[in-house]
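A structural walkthrough
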Amino acid sequence: MEGLQLQSQTDKKGKLYVIGIGPGSVEQLTIASRDAILNSDYIIGNGTYLDQVKELLNDQKIIRSHMGKEVDRAKKAVELAEDNVVSMVSGGDANVYGMAGLVLEVAEHHELDVDIEVLPGVTAITAGASVLGAPIVNDFAVISLSDLLTPWERIEKRLMAASEADFIISLYNPKSRQRNSNFRRAIEIIQKTRDGSSPVGLVKNALRGDSQEMKVTTLDKVLDYDDWVDMRTMILITTPESRIWGGNGMEKIITPRGYQRKYDY
Ligand code: SAH
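In this text the structure is predicted, and so the values were computed from the model without any measurement. (Residues numbered from 1 in each chain as written. Predicted model: local features only at pLDDT ≥ 70, side-chain atom pairs only at ≥ 80, totals over all residues. Heavy atoms only, no water.)

1. Details of the site of the ligand
- The immediate surroundings of the ligand are formed by 18 residues, with Val96, Thr123, Ala206, Met231 and Thr233 found nearest.
- One nitrogen or oxygen atom from the main chain of Ala206 is found 2.8 Å from a nitrogen atom belonging to the ligand.
- Coverage of the ligand by the protein amounts to 91% of the 540 Å² it exposes when considered alone.
- Taken together, the residues that form the shell around the ligand break down as nine nonpolar, six polar and three charged.
- Two domains each provide a minimum of three residues to the shell around the ligand, namely domain 1 (2-119) and domain 2 (124-258). (Near = heavy atom within 4 Å. Polar contact = N/O pair within 3.5 Å; in protein donor to acceptor, adjacent residues only side chain to side chain. Areas by Shrake-Rupley, 256 points an atom, 1.4 Å probe, with all protein chains shown as cover. Nonpolar A, V, L, I, M, F, W, Y, C, P; charged D, E, K, R; others polar. Domains from an automatic or database assignment.)

What follows is the structure in structure tokens.
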């Protein structure tokens, strides 16, 4: 590790890692991401994500940013990366409604000569799916219900299209204080074209230790959980091809891949 630090000091050229730190605990981080964080001069990110990787923070310089300050954060990171090794940490995967796009846009716009490497992470849909068993073993669509940067009409159109096309649908950003009704409105749209018996899984704080919670229900009953859903929850709406196995809070959702059509097992 010392050797690598020395290299970053003597080799003047900087580097920016845009890191998806996964759903929560440090165990879910890739080894490449862990090494990048350990060997960076600066770590930049919002407080929640910095706290998630705090056991990897030693003598790196830490820049805490805030929600809503993403543009400033991206600018700061690319500036610093002109002559420092910088890790920007972002939740889940940095490509999935994360900081990767903004960082590249800022570097492109300012024509900055920075070496940027995006490191992938476990995103909420795969984290949540693993908690629920095997609900996405077929084609799926991921839709964010946040209408801060996307007009609500476009979100509705995508919900309708994905539902009609029979995709398993994962909903991110289901709610916030300002957008409390988006989850209910989205479910009502999907209910128009999808059978009410379709299994639905809801996972709050997936892979975040003791704070993880999950619910398994069906599309016709999912609005019973409307009050329970919050901004730390991801939702998976399957199709009638999927099924629920088990009970007593230990339910799993199984989506068949299609092996049963060709094999006996
Ligand atoms: N880049 C992140 C997603 C950012 S959008 C990723 O790849 O996971 C934020 C939304 O992701 C939240 O509102 C929630 O719907 C979902 N989410 C992120 N982490 C989650 C977790 N550990 N458990 C459940 N949902 C999560």
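2. Here we look at a nonpolar patch on the surface
- A cluster of nonpolar side chains, Tyr259, Tyr263 and Tyr265, forms an exposed patch at the surface whose accessible area comes to about 460 Å².
- Looking at the element boundaries, Tyr265 is found in the segment after strand E13 (252-254).
- When its relative accessible area of 75% is taken as the criterion, Tyr265 is described as exposed. (Patch = residues over 30% accessible without salt bridge, like charges linked within 9 Å, V, L, I, M, F, W, Y side chains within 5 Å. Salt bridge = Lys/Arg side-chain N within 4 Å of Asp/Glu carboxyl O. Helix = DSSP H or I, 4+ residues; strand = E, 2+ residues; numbered from the N terminus. Buried < 20%, exposed > 50% of the residue type's maximum accessible area, 1.4 Å probe, protein only.)

3. Details of the sheet that holds E13
- Ordered in space as E6-E13-E12, the three strands form an open sheet in which the pairing is mixed. Bordering the open sheet on either side are strand E6 (133-134) and strand E12 (243-245), each of which pairs with just one other strand.
- The pairing of E6 with E13 spans two bridges and is parallel. Opposite Ala134, over in E13, you have Ile254 as the bridge partner. (Pairing = 2+ DSSP bridges.)

4. What to know about the packing of aromatic side chains
- With the rule as written, the count across this model stands at two aromatic pairs.
- Consider the rings of Tyr97 and Tyr172, whose centres lie 5.4 Å apart with planes at 65°: the pair is edge-to-face. Of this pair, Tyr97 sits in the loop between strand E4 (85-90) and helix H5 (100-109) while Tyr172 is found in strand E8 (residues 168-172), placing the two residues 75 residues apart along the sequence.
- For Tyr172, a relative accessible area of 9% gives the class buried.
- When the ring of Tyr259 is compared with that of Tyr263, the centres are 6.3 Å apart and the planes differ by 45°; the resulting orientation is tilted.
- For Lys61, the ring lying beneath its charged end belongs to Tyr42, and the centroid distance is 5.0 Å. (Phe/Tyr/Trp six-rings, centres within 6.5 Å; stacked < 30°, edge-to-face > 60°. Lys NZ or Arg CZ within 6 Å of the ring centre and 35° of its normal.)

5. Focus: the sheet that holds E4
- Strand order in the open sheet made by the five strands is E3-E2-E4-E1-E5, with parallel pairing throughout. Only two strands of the sheet have a single neighbouring strand rather than two, namely strand E3 (61-65) and strand E5 (116-119). Looking at each pair of strands side by side, their axes are set apart by 20° on average, direction ignored.
- The pairing of strand E2 (residues 42-46) with E4 spans three bridges and is classified as parallel. By the bridge assignment, Ile43 is partnered in E4 with Ser87. (Axes fitted to C-alpha atoms, helices over the stretch in contact; angles between N-to-C directions.)

6. A short note on the domain arrangement of the protein
- In terms of domain boundaries, the protein breaks down into domain 1 (2-119) and domain 2 (124-258).
- When each unit is reduced to the centre of its C-alpha atoms, the spacing between domain 1 and domain 2 is 30 Å.
- Residue-level contacts link seven residues of domain 1 with eight residues of domain 2.
- Counting each side, the surface lost to burial between domain 1 and domain 2 is near 600 Å², with a carbon and sulfur contribution of 60%.
- On inspection of domain 1 and its partner domain 2, the count reaches zero salt bridges.
- For the interface between domain 1 and domain 2, the tally reads three residue pairs in polar contact (both at pLDDT 80 or more).
- Residues of the side of domain 1 that touches domain 2, tallied by class, amount to three nonpolar, four polar and no charged. (Contact = heavy atoms within 4.5 Å. Buried area = accessible area lost by both parts, 1.4 Å probe.)

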